[in-house]
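Each chain is listed here by its residues.
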Amino acid sequence: MAHAPARVEQQDGRRELVQYGIRHCTSLVHGDPGDPLPSRRAQFYTARRRHERRTSMGTASLDRQAKLPPPVAAALAQLRAGAVDVASARLAELAAQDVLAGRRAQARATLDAALAIAPQNATLLARLAGLAQLDGDAVGAESLARRALAANPGEPMAATLLVDALCERAACGEAIAVGEACLARTPVAPHVRRALARAYLFAGRAHEACTFAKRAADELPGNPTAIASLLQIGRAS
């Protein structure tokens, strides 16, 4: 019985420690008005939440990339390593193959992953602009085409998309400027020449329209769009 007071005192001490621990944890989570450093604690938890969000986003990105086909993953590795021209051309080709096979979601995933590495790459932006156009997103397609041409005014696919879009709005002067700027840097661009022929026609410059349409048809034998443009210009001139 001589030890009973000691046991009671020990239990009271444990209870006090538990209560202190609970109060301490509560103050860490909710803040304690008497704490002289609430702002420091708030900064700590804000930083921790930010880190958790970033880690989560990074993990999700890695998970998405892990699901990409091996050829895409290999090309992305090349892009990260600095082989930009080769890798971007390969990724654009793989995306085009997916589009032709009806796998637009896969094509978009490939281009999104590539643009996360090289966000200003004109080839990749132009391919994504073409995909947006196929999906019926005319505004998105034009925006992406403009971004591509800002990075490289000689990007033929972006120039073709933008010239056609501008012609639809009767903005022929800008369409001609875009097409001519592209051809000055990339002379072998028959689709740009076909689009530019249409812009010349709408601007009332029939002779230039005929010249460009004939050359585009020669450079794109059997292409229905080029032939249709040539026939349209022939009837109008």
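Numbering of residues starts from 1 in each chain and follows the order in which that chain's sequence is written. With the structure being a predicted model, the display of local features is reserved for residues of pLDDT at least 70 and the display and counting of side-chain atom pairs for 80 or more, all residues being used for whole-chain, interface and lining totals. The side-chain quantities take in all heavy atoms of the structure and omit both hydrogens and water.

A.B. asks: Quick question: what am I supposed to make of the packing of helix α4 (residues 84-100) against helix α5 (residues 104-117) here?
C.D. replies: Describing two packed helices takes the angle between their axes plus the distance from one axis to the other. Between the N-to-C directions of two axes lies an angle of 0 to 180 degrees, each axis being a line fitted to C-alpha atoms and, for a helix, fitted only over the stretch in contact. We count a stretch as a helix when DSSP gives it H or I for four or more residues in a row; a strand needs E for two or more, and each element gets its number in order from the N terminus. For the pair α4 and α5, the least separation of the axes is 7 Å and the interaxial angle reads 165°. By the criterion of interaxial angle, the relationship of α4 to α5 is roughly antiparallel. For α4 against α5, the interelement crossing comes out left-handed. When α4 is examined against α5, the residues Leu91, Ala95, Asp98 and Val99 are found in contact with a partner set consisting of Arg104, Gln106, Ala107, Thr110, Leu111 and Ala114. Classification convention: Asp, Glu, Lys, Arg as charged; Ala, Val, Leu, Ile, Met, Phe, Trp, Tyr, Cys, Pro as nonpolar; all other residues, Gly among them, as polar. Residue classes in the contact of α4 with α5 are distributed as six nonpolar, two polar and two charged. Here the word oblique covers every angle except those under 35 degrees (roughly parallel), over 145 (roughly antiparallel) and from 65 to 115 (roughly perpendicular). Should the near helix be turned anticlockwise from the far one by less than a right angle, the crossing is termed left-handed; should it be turned clockwise, right-handed. Contacts are residue-level and defined by heavy atoms, with any inter-residue pair within 4.5 Å sufficient.

A.B. asks: Explanation requested: the side chain of Thr110 in the structure shown.
C.D. replies: Along the polypeptide, Thr110 turns up in helix α5. Discounting chain neighbours no more than four positions away, the residues touching Thr110 are Leu68, Val72, Leu91 and Asp98.

A.B. asks: Help me out: how do you make sense of the packing of helix α9 (residues 172-185) against helix α10 (residues 190-202) in this one?
C.D. replies: Taken N-terminus to C-terminus, the directions of α9 and α10 make an angle of 150°; their axes are 9 Å apart at the nearest point. Of the possible angle classes, the one that applies to α9 and α10 is roughly antiparallel. For the element pair α9 and α10, the recorded crossing hand is left-handed. Of the residues in α10, those touching α9 at Cys172, Ala175, Ile176, Gly179, Glu180, Cys182 and Leu183 are Val192, Arg193, Leu196, Ala199, Tyr200 and Phe202. Considered class by class, the residues forming the contact of α9 with α10 number 10 nonpolar, one polar and two charged.

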